Amino acid sequence: MPNPKHGPRMVPDQPVSFIPPDSEAREPETGIALCLSGGGFRAMLFHLGALWRLNEAALLPKLNRVSSVSGGSIMAAMLGLKWSRLAFDQGGVAARFEQEVVKPIRSFAGRNVDASAVLGGILLPGNAGDRVERAYANYLYGDATLQDLPDAPRFVINATNVQSGALWRFSKPYMADYRVGMVRNPIVTLAKAVAASSAFPPVLSPVELEIEPGSFEPGKGMDLQREPFTSDVVLTDGGVYDNLGLETAWKRYKTVLVSDAGGAMAPEEDPKRDWGRHAYRVLLMIDNQVRNLRKRQIIRGFVDAQDPHDGAYWSIGSDIGHYGLDDSLPCPHEQTLDLAATPTRLKRVSGDRQEHLINWGYAICDAALRKHVDDRLAPPAGFPYGGEL
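Okay, so let's go over this structure. (Residues numbered from 1 in each chain as written. Predicted model: local features only at pLDDT ≥ 70, side-chain atom pairs only at ≥ 80, totals over all residues. Heavy atoms only, no water.)

**Description of the overall build of the chain**
Working step 1: When you go through the chain residue by residue, the secondary structure sums to eleven helices and twelve strands.
Working step 2: Its C-alpha atoms give the chain a radius of gyration of 20 Å, near enough to 21 Å, the size a compact globule of 389 residues would have.
Working step 3: Principal-axis analysis of the C-alpha atoms gives the chain an extent of 60 × 50 × 45 Å.
Working step 4: Taking all 389 residues of the chain together, the buried fraction comes to 54%.
Working step 5: The contacts in the chain between residues at least 6 apart in sequence include a share of 73% that link residues at least 24 apart.
Working step 6: Carbon and sulfur atoms make up 52% of the accessible area of the chain, which totals about 17400 Å².
Working step 7: Here the chain carries 42 positive and 46 negative side-chain charges, and the mean point of each set is 2 Å from the other. (Helix = DSSP H or I, 4+ residues; strand = E, 2+ residues; numbered from the N terminus. Rg over C-alpha atoms; globule rule 2.2 N^0.38 Å. Buried < 20%, exposed > 50% of the residue type's maximum accessible area, 1.4 Å probe, protein only. Contact = heavy atoms within 4.5 Å. Areas by Shrake-Rupley, 256 points an atom, 1.4 Å probe, with all protein chains shown as cover. Lys, Arg positive; Asp, Glu negative; His and termini not counted. Charge placed at Lys NZ, Arg CZ, Asp CG, Glu CD.)

Shown next as structure tokens:
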């Protein structure tokens, strides 16, 4: 059992921490991991566009892992739930991607979820997280559980354990927090797991998970495998710990694809002075700097000849012109910056804006793939929706 005095340690220039019993000397294995960041409905739709392009490029069945956070988890859970119904052809392209994945996600993006959840949490029994979970069950996942996800690729839905301060991972074979321990083959609904992953604090947080303490595998927790840590788990948004979903991907696989729909922090000429709003602004600054550090370390890892990783990173705030492709899809930076400013909400997105966000995710993913992953990929004929962004 790991020494409880030895907690997570950052290795210089790595975007993740090594946690006991991880070996810092272990090389990542050959395989492809896809990371889907947080960012509410904005992220969900942007990632949908990226997945659309990955499907056309026949990369979906080559994925070994899909690691997601918050809005990315809404998208990932739907992809995982419908995996067996996607009808992959011999070339690796899912013929039913639009019917099984695009259609329900777009329908869900037309609903208002967070405002009604918060209001109900104030006026009625229960909390906002319970109501978000109910919306996910009613409109996306039904009563499906983690056991309805495919064996391959491995889907990992990430939340943050407020009690331990560590990452809480939901997956089909197990759910775990390295400090608390591991539960094998968990029967947790996808709606619950995604609600925890997207429990944006403070309004949608926390989501509570009641567990039978005896279900934890003995000796798997580092220092907190005891009640109440093993019985009443208090979770919040996975982005609090890792907004890119990197932790379970970077340490495991050599090729990492990162789709980042996190928004950039906007300048504020006259920041609020009252303690509540001023504190919120300061917390945004802290979060922004942590995310920027991870991004810089990812890109450094890709270009460092001594680092075993390769792959691609694309962002909703990127300028497609920076990829230097003569035949990238036309995406004026002013328009894409406007899309990147879409609020981080679970709030209805108009049909036109949905299509623009999907088109943008599709286009920037295409540019990143053809520049950094496979320059033999043929350029797309056009956007999924219409002739322009």
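**Focus: the packing of helix 5 (residues 128-141) against helix 6 (residues 190-197)**
Working step 1: Packing of helix 5 against helix 6 brings their axes to within 8 Å, and their N-to-C directions diverge by 130°. As far as their axial angle goes, helix 6 and helix 5 are oblique. Handedness of the crossing formed by helix 5 with helix 6: right-handed. Contacts from G129, E133, Y136, A137 and Y141 of helix 5 reach helix 6 at L190, A191, K192, V194 and A195.
Working step 2: Class assignment of the residues belonging to the contact of helix 5 with helix 6 gives a composition of seven nonpolar, one polar and two charged. (Axes fitted to C-alpha atoms, helices over the stretch in contact; angles between N-to-C directions. Parallel < 35°, antiparallel > 145°, perpendicular 65-115°, else oblique. Left-handed = near helix turned anticlockwise from the far one by under 90°. Nonpolar A, V, L, I, M, F, W, Y, C, P; charged D, E, K, R; others polar.)

**Thoughts on the packing of aromatic side chains**
Working step 1: Scanning the entire structure with this criterion turns up ten aromatic pairs.
Working step 2: When the centroid spacing of 6.1 Å and the interplanar angle of 70° are considered together, the rings of W83 and F155 count as edge-to-face. You can see W83 sitting in the loop between helix 2 (71-81) and helix 3 (97-109) and its partner F155 sitting in strand 5 (residues 154-161), a full 72 residues away along the chain.
Working step 3: The exposure class assigned to W83 is buried, which follows from its relative accessible area of 11%. (Phe/Tyr/Trp six-rings, centres within 6.5 Å; stacked < 30°, edge-to-face > 60°.)

**Quick word on the state of the cysteines**
Working step 1: Under the criterion given, the structure shown has zero disulfides.
Working step 2: No disulfide involves C331; its sulfur sits 12 Å from that of C365, the nearest cysteine.
Working step 3: Owing to a relative accessible area of 8%, C331 belongs among the buried residues under this scheme. (Disulfide = S-S within 2.5 Å.)

**A closer look at the pairing of strand 9 (residues 207-210)**
Working step 1: By the alternation rule, side chains of strand 9 split into V207 and L209, which are all buried, and E208 and E210, of which none is buried.
Working step 2: Where strand 9 lies against strand 10 (residues 232-237), four bridges are found, and the strand directions are antiparallel. In the strand pairing of strand 10, V207 is matched with L235. (Pairing = 2+ DSSP bridges.)

**A closer look at the nonpolar core**
Working step 1: I74, F97, Y136, Y141, F170, W314 and W360 are the most contacted members of the largest nonpolar core, which has 97 residues in total.
Working step 2: With residues up to four places along the chain from it excluded, the contact list for I74 reads F41, M44, I105, F108, Y136, L140, Y141, V194 and L346.
Working step 3: Counting 13 residues, the second largest nonpolar core, distinct from the first, contains V16, L244, F302 and Y313. (Core = buried A, V, L, I, M, F, W, Y, C linked by side-chain atoms within 4.5 Å.)

**Description of the pattern of salt bridges**
Working step 1: Under the defined criterion, the tally for this structure stands at 18 salt bridges.
Working step 2: Measuring nitrogen to oxygen at the nearest pair gives 2.6 Å for the salt bridge that ties R184 to E217. Separated by 33 residues along the polypeptide, R184 in strand 8 (residues 181-184) and E217 in the loop between strand 9 and strand 10 bring together distant segments of the chain.
Working step 3: Ionic pairing is found between R353 and D338, a salt bridge with its closest N-O pair at 3.1 Å. Remark: D338 occurs in helix 10 (residues 333-340) and R353 occurs in helix 11 (residues 351-372); sequence separation between them is 15 residues. (Salt bridge = Lys/Arg side-chain N within 4 Å of Asp/Glu carboxyl O.)

**A short note on the packing of helix 1 (residues 40-56) against helix 11**
Working step 1: Relative orientation of the contacting elements helix 1 and helix 11 amounts to 45°, with a least axis distance of 7 Å. By the angle class used here, helix 1 and helix 11 are oblique. With respect to the hand of their crossing, helix 1 and helix 11 are arranged in right-handed fashion. Contacts between helix 1 and helix 11 pair R42, L45, F46, L48, G49, A50, W52, R53, L54 and E56 from the former with Q354, L357, I358, W360, G361, Y362, I364, C365, D366, L369 and R370 from the latter.
Working step 2: The residue makeup of the contact of helix 1 with helix 11, split by class, is 13 nonpolar, three polar and five charged.

**A look at a negative patch on the surface**
Working step 1: A surface patch of like charges, here negative, comprises E208, E210, E212, E227 and D232.
Working step 2: Tracing the chain through its elements places E227 in the loop between strand 9 and strand 10.
Working step 3: Looking at E227, the relative accessible area reads 54%, which means it is exposed. (Patch = residues over 30% accessible without salt bridge, like charges linked within 9 Å, V, L, I, M, F, W, Y side chains within 5 Å.)

**Re the environment of A261**
Working step 1: For A261, the position within the fold is in the loop between strand 11 (253-260) and helix 9 (275-303).
Working step 2: Residues A261 and G361, 100 residues apart in the sequence, show an inter-C-alpha distance of 8.8 Å.

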